[in-house]
Amino acid sequence: MQVSSMYKAEKGLIKISADVEGETIRSIRITGDFFLIPEESIVELERSLVGKRLDEEALNETVGRFYSTGIVSPSMTKEDLVKAILGVKNGV
Amino acid sequence: MEFRFLDVEYPENPYLSLATEEAIFHEVMRGRSPPTFRFYRHSNAVILGCFQLAEQEIDSEFAAKNQIHVVKRFTGGGAVYHDLGNLNFSVITRDTFGIGLNVKKLYSTMIEGAVDAFKGLGIPAESGKLNDVTVNGKKILGAAATIREKTLLFHAAVLVDTNLTTLATVLKVPGEKLKDKGVKTILERVTNIKAISGHGIPEVRRALIDGYSKALGIDLREGGLTNEEKELAKELHGKKYTKREWNREREVINLL
């Protein structure tokens, strides 16, 4: 099912829309007015989330691994991203 | 250090304008173009951050009815509205400022020149949380920046004499259900330099040139685009900045 949510980080909004089956992410798109460098890495993050469960531990690991590749995002933290993604659970 | 001063704008073609921005960044990154300070304007355009979706950020019907171009830039951040009362500038340079990957430092370093410039005009400007400059809590400058291969790009939009009603109508306020309330909210958060100090674009340009020359310790020398930049801009214009997938969806198009 299609679900979406919005999360306010320190500066800016993270908007998530996802296709979720049970608690598993089938596809996900992350949009908003944040900064993430390098910019095109957003696609890798989205791809790495496919097949992951919507639970904090699994998401922490996936997002953490993404950041460990040298990603910088001055307007949001790893935790913001995880919380934003978990937010779609309210719609499941 | 010497910087090239570029006065290259395409007010009616924001697609080419943003393609040119990326072309310059690329050529500076490759060491083929000098560090650059550029001024440019757009006559009627919404510029989206690269992670944004047009449908979420703008009133598309209003934009279409008012012939407002909708173009995406290659940096993150939020949507802005540009008319000829809005002055854009960019600083594109190899990292000779010791920024590394410290984006917050990049913003603070680059915003200083603008804050000094505005203070020089008698405007009590303050730098905001990260990427904006405010006066009494109202935004007069919004910026976006990126770093790639030890090359920095910082670009900013300065509200000098922009039609704020158009700005507030075309840009959606997130989470707002009532359009009227949304417009009011945006209008409470932005202001024009002209309304504060009476200065227009020519004075703001002069102040920014002085501010950045001092803050970055640079000399600006008038120059033009290189042939490589023009060619690359043309290619980016055709294959990226005029594409619906780029401007309206959230497709990543990376030609470089």
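Notes on the structure in this doc start here. Keep in mind it's a predicted model, so treat the numbers as computed, not measured.

Cut-offs applied
Residues numbered from 1 in each chain as written. Chains lettered and ligands numbered in written order. Predicted model: local features only at pLDDT ≥ 70, side-chain atom pairs only at ≥ 80, totals over all residues. Heavy atoms only, no water. Helix = DSSP H or I, 4+ residues; strand = E, 2+ residues; numbered from the N terminus. Rg over C-alpha atoms; globule rule 2.2 N^0.38 Å. Buried < 20%, exposed > 50% of the residue type's maximum accessible area, 1.4 Å probe, protein only. Contact = heavy atoms within 4.5 Å. Areas by Shrake-Rupley, 256 points an atom, 1.4 Å probe, with all protein chains shown as cover. Axes fitted to C-alpha atoms, helices over the stretch in contact; angles between N-to-C directions. Parallel < 35°, antiparallel > 145°, perpendicular 65-115°, else oblique. Left-handed = near helix turned anticlockwise from the far one by under 90°. Nonpolar A, V, L, I, M, F, W, Y, C, P; charged D, E, K, R; others polar. Buried area = accessible area lost by both parts, 1.4 Å probe. Salt bridge = Lys/Arg side-chain N within 4 Å of Asp/Glu carboxyl O. Polar contact = N/O pair within 3.5 Å; in protein donor to acceptor, adjacent residues only side chain to side chain. Expected span 1.5 Å × (residues − 1). Bend = angle between axes of the 7 residues up to and from the residue. Core = buried A, V, L, I, M, F, W, Y, C linked by side-chain atoms within 4.5 Å. Pairing = 2+ DSSP bridges. Phe/Tyr/Trp six-rings, centres within 6.5 Å; stacked < 30°, edge-to-face > 60°. Lys NZ or Arg CZ within 6 Å of the ring centre and 35° of its normal.

### Re the overall build of chain A
Across its full length, chain A holds three helices and three strands. Reading chain A from its N terminus to its C terminus gives the helix and strand order β-β-β-α-α-α. Against the 2.2 N^0.38 benchmark of 12 Å for 92 residues, chain A shows a C-alpha radius of gyration of 12 Å, consistent with a compact globule. Its C-alpha atoms give chain A principal-axis dimensions of about 30 × 25 × 20 Å. When each of the 92 residues of chain A is scored for burial, the buried share is 50%. Partitioning the contacts of chain A with sequence separation of at least 6, the portion at a separation of at least 24 is 52%. With the model as given, the accessible surface of chain A reaches about 4,200 Å², and the carbon-plus-sulfur share is 48%.

### Details of the packing of helix α2 (residues 56-67) of chain A against helix α3 (residues 78-86) of chain A
Residue and element names in this part refer to chain A. Contact geometry for α2 and α3: axes closest at 10 Å, N-to-C directions at 135 degrees. On the basis of the axis angle, α2 is oblique to α3. Between α2 and α3 lies a crossing of right-handed hand. Here Glu56, Leu59, Asn60, Val63, Gly64 and Tyr67 of α2 lie close against α3, whose contacting residues are Lys78, Leu81, Val82, Ile85 and Leu86. In the contact of α2 with α3, the residues fall into seven nonpolar, two polar and two charged.

### Quick look at the interface of chain B and chain A
Tallying the contact residues gives 30 residues for chain B and 24 residues for chain A. Taken as a group, Phe51, Lys129 and Arg250 of chain B account for 29% of the area that chain B buries against chain A, more than any other trio of residues on that side. Across the chain B-chain A interface, the total number found is four salt bridges. The residue Glu39 of chain A makes a salt bridge to Arg148 of chain B at a minimum N-O spacing of 2.8 Å. Taken together, the links from chain B to chain A amount to 10 residue pairs in polar contact (both at pLDDT 80 or more). If you list the elements that add at least two residues to the side of chain B that touches chain A, you get α2 (54-57), α4 (103-120) and β9 (138-148) of chain B. At six residues, β9 of chain B tops the list of elements feeding residues into the side of chain B that touches chain A.

### A word on α4 of chain B
All names here are of chain B. The first and last C-alpha atoms of α4 sit 26 Å apart over 18 residues, in line with the 26 Å expected at 1.5 Å per residue. Roughly 30 degrees is the biggest bend found in α4, and it falls at Ile111. Those residues of α4 not exposed but buried are Val103, Leu106, Tyr107, Thr109, Met110, Ile111, Gly113, Ala114, Val115, Ala117 and Phe118. A positive phi of about 85 degrees marks Gly122, the residue just after α4.

### Brief notes about the nonpolar core
Counting residues in each nonpolar core, the largest one holds 53 residues, and the members touching the most others are Ile14, Ile30, Leu36 and Ile85 of chain A together with Tyr241 of chain B. Put simply, the parts of the chain that give this core at least two residues each are β2 (13-21), β3 (24-32), α1 (41-49), α2 and α3 of chain A together with α1 (14-29), β3 (44-48) and α9 (227-241) of chain B. The element best represented in this core is α1 of chain B, accounting for nine residues. Residues Phe37, Val91, Leu121 and Val133 of chain B belong to the second largest nonpolar core, which totals 46 residues.

### Comments concerning the sheet that holds β9 of chain B
Residues and elements named next belong to chain B. Taken in spatial order, the eight strands line up as β7-β8-β9-β10-β6-β2-β1-β11 in an open sheet, and their pairing is mixed. Two strands bound the open sheet, and with one partner strand each, they are β7 (125-127) and β11 (219-223). The average undirected angle you get between the axes of adjacent strands in this sheet is 20 degrees. With three bridges connecting them, strand β1 (residues 2-6) and strand β2 (residues 36-40) associate as parallel partners. If you follow Leu6 over to β2, its bridge partner there is Arg38.

### So, unusual backbone geometry
Looking along the chain, the bond that leaves Ile37 of chain A and enters Pro38 of chain A is cis, with omega of 0 degrees. Relative to the helices and strands, Pro38 of chain A resides in the loop between β3 and α1. Of note, Gln67 of chain B is a non-glycine position whose phi angle comes to about 50 degrees, a positive value. Of note, Gln67 of chain B is situated in the loop between α3 (60-65) and β4 (69-72). Note on Gln67 of chain B: relative accessible area 61%, which makes it exposed.

### Overview of the pattern of salt bridges
Considering all chains together, one arrives at 20 salt bridges over all chains under this definition. Across the pair Asp7 of chain B and Arg205 of chain B runs a salt bridge whose closest N-O atoms are separated by 2.7 Å. One end of the pair, Asp7 of chain B, is in the loop between β1 and α1; the other, Arg205 of chain B, is in helix α8 (residues 201-216), with 198 residues separating them in the sequence. Between Arg32 of chain B and Glu27 of chain B there is a salt bridge whose closest N-O contact spans 2.8 Å. Overlapping salt bridges, with partners in common, bring together Glu23, Arg53, Asp55 and Lys89 of chain A in one network.

### Points about the packing of aromatic side chains
For the structure on display, the rule yields 13 aromatic pairs over all chains. Taking the centre distance of 5.8 Å and the plane angle of 80 degrees together, the rings of Phe5 of chain B and Phe39 of chain B count as edge-to-face. Residue Phe5 of chain B is found in strand β1, and its partner Phe39 of chain B is found in strand β2; the two are separated by 34 residues along the sequence. For the pair shown, Phe5 of chain B and Phe39 of chain B are each scored as buried. Three or more aromatic residues joined by ring pairs form one cluster here, namely Phe35 of chain A together with Phe5, Phe37, Phe39, Phe89, Tyr107, Phe154 and Tyr212 of chain B. Just above the ring of Trp246 of chain B sits the side chain of Lys72 of chain B; from NZ or CZ to the centre is 5.9 Å. The ring of Trp246 of chain B is capped by Lys240 of chain B, whose NZ or CZ atom sits 4.4 Å from the centre of that ring.

Just geometry here; none of it tells us what the structure is for.
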